[in-house]
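# Notes for the structure review
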Amino acid sequence: MINADLHCHSHFSDGLLPPADVARRAKAGGVSLWSMTDHDEVAGQGEARAAAEALGMRYVEGVEISVTWASRTIHVVGLALDSKDPTLVGGLAATRSGRDGRGKQIADRLEEIGIPGAYEGALKYANNPALLSRTHFARFLVENGFCESTADVFGRYLAEGRPGYVPHVWASLDQAMAWIQGAGGVAVIAHPGRYKYTQLEFSELFGAFRDLGGDAIEVVTGSHTPDQFREYADVARRYGFRASRGSDFHAPGEGRTELGTLPFLPDDLTPVWRDWQ
Ligand code: AMP
Ligand code: MN
Ligand code: MN
Ligand code: MN
């Protein structure tokens, strides 16, 4: 059984740790096949690969792309790609470019409800200012006593429908798939259990994804409950999708889970890494 962890974050996006520290935690969790998948950013891939190789883990380059589909945000993970591919690199830069303006709008909304200084506050938590994320706002709000936990921040302020939520248009599904596949990678629908689509929308999403050459979804992820492990294992069986596994680790003690420690994929599913050399 291969202990694969194919989804996690470093301080190049909204994780808290540098790639080498994330690599050490992967090793400690027993991971033998690893990918670090920062949001819309591949700048950490060289450090992650070097750290993985020094620790004797197999490494595949990865990214988690923010996509707008049917007016909602979904995430598409790209794995085993060439992170130096110029079209991918350019596409990710364009996707990132709206984050700063969106961050200012989030701060304006928070100011209206009595929370001043959130833009500068959140930026202090962003190691990579081009990747200013709601997670950085969440850390600012927790550490300044506005909320108990990052989950609490999203529930009260930052999730869709809450007062600090600012709608944003990310990459299209077609673009994200083309960038990943053009870089030689495999596209995986990240944590489908998190999306608030109807059954009909889900079947349209899976159909559109398949039409674009997609054939893998995350089944066991730190962003799913154990019930969702079972639910999306069934989806993988019904659609004939390959399955992926990853912690979605961001920071020690910040919800979700440690690298490498989730249950393995059900035996009958085809792991996304089956054909990798
Ligand atoms: P952004 O890309 O700036 O919209 O931020 C999205 C990130 O916020 C996700 O990648 C998660 O790390 C985090 N996030 C989203 N929803 C929640 C939640 N309910 N609880 C904790 N973190 C969340
Ligand atoms: Mn994140
Ligand atoms: Mn995600
Ligand atoms: Mn993630």
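Above this text is the structure in question.
Note on the manganese ion (ligand 2): its protein donors are Asp14 (OD), His39 (NE2) and His250 (NE2). The metal-donor distances range over 2.1 to 2.2 Å. Donor residues for the manganese ion (ligand 2) sit on one chain with the sequence pattern D-x24-H-x210-H. In this structure, the manganese ion (ligand 2) lies 5.5 Å from the manganese ion (ligand 3). On the criterion of sequence distance, the pair formed by Asp14 in the loop between strand E1 (4-5) and helix H1 (19-28) and His250 in the segment after strand E8 (242-246) is long-range, its members being 236 residues apart. Classification of Asp14 as buried rests on a relative accessible area of 3%.

With that out of the way, let us pick up the packing of helix H4 (residues 99-112) against helix H6 (residues 134-143). Following both chains from N to C, one finds H4 and H6 inclined at 35°, their axes separated by 11 Å at the closest point. Handedness of the H4/H6 crossing: right-handed. Two secondary-structure elements touch here, H4 through Arg102, Gly103, Ile106, Ala107 and Leu110 and H6 through Arg134, Phe137 and Leu141.

So, on to the nonpolar core. In this structure, Leu6, Ile65, Ile74, Ile217, Val219, Val272 and Trp276 are the most contacted members of the largest nonpolar core, which totals 52 residues. Tallying contributions element by element places helix H10 (residues 226-239) first for this core, with six residues. In this structure, Leu110, Ile115, Phe140 and Leu141 belong to the second largest nonpolar core, which totals 18 residues.

Now for the coordination of the manganese ion (ligand 4). Protein coordination at the manganese ion (ligand 4): the donors are His7 (NE2), His9 (NE2), Glu64 (OE) and Asp248 (OD), at 2.1 to 2.2 Å from the metal. The sequence pattern formed by the donor residues of the manganese ion (ligand 4) is H-x1-H-x54-E-x183-D. The metal-metal distance between the manganese ion (ligand 4) and the manganese ion (ligand 2) is 4.5 Å. Remark: Asp248 occurs in the segment after E8 and His9 occurs in the loop between E1 and H1; sequence separation between them is 239 residues. Of the two residues, His9 and Asp248, neither departs from the other in class, the shared state being buried.

In the neighbourhood of ligand 1, 13 residues make up the surrounding shell, with His39, Arg99, Arg102, Arg134 and His250 lying closest. A distance of 2.8 Å is found between an oxygen atom of ligand 1 and a side-chain nitrogen or oxygen belonging to His39. With respect to ligand 1, the side chain of Arg99 contributes an N or O atom lying 3.0 Å from an oxygen atom. In the complex, 81% of the free accessible area of ligand 1, which totals 500 Å², lies under the protein chains.

Let us now look at the layout of surface pockets. One simple way to see leftover space: roll a probe sized like a water molecule over the atoms. There is about 1200 Å³ of room inside the largest pocket. Taken together, 36 residues make up the lining of the largest pocket; nearest its centre are Arg134, Phe154, Ala159, Arg194 and Arg256. Those elements that provide at least two residues to the lining of the largest pocket are strand E4 (62-69), strand E5 (72-79), H4, H6 and helix H7 (150-158). If you tally residues by element for the lining of the largest pocket, the top one is H7, at four residues. A class-by-class count of the residues in the lining of the largest pocket yields nine nonpolar, 15 polar and twelve charged.

Conventions and cut-offs
Residues numbered from 1 in each chain as written. Chains lettered and ligands numbered in written order. Predicted model: local features only at pLDDT ≥ 70, side-chain atom pairs only at ≥ 80, totals over all residues. Heavy atoms only, no water. Donors = N, O, S within 2.8 Å, 3.2 Å for Na, K, Ca; no water. Helix = DSSP H or I, 4+ residues; strand = E, 2+ residues; numbered from the N terminus. Buried < 20%, exposed > 50% of the residue type's maximum accessible area, 1.4 Å probe, protein only. Axes fitted to C-alpha atoms, helices over the stretch in contact; angles between N-to-C directions. Left-handed = near helix turned anticlockwise from the far one by under 90°. Contact = heavy atoms within 4.5 Å. Core = buried A, V, L, I, M, F, W, Y, C linked by side-chain atoms within 4.5 Å. Near = heavy atom within 4 Å. Polar contact = N/O pair within 3.5 Å; in protein donor to acceptor, adjacent residues only side chain to side chain. Areas by Shrake-Rupley, 256 points an atom, 1.4 Å probe, with all protein chains shown as cover. 1 Å grid on protein atoms, 1.4 Å probe; cavity = no way out; pocket = protein on both sides within 12 Å on 5 of 7 lines; lining within 4 Å. Points joined across faces, edges and corners; volume = space filled by probe spheres on them. Nonpolar A, V, L, I, M, F, W, Y, C, P; charged D, E, K, R; others polar.

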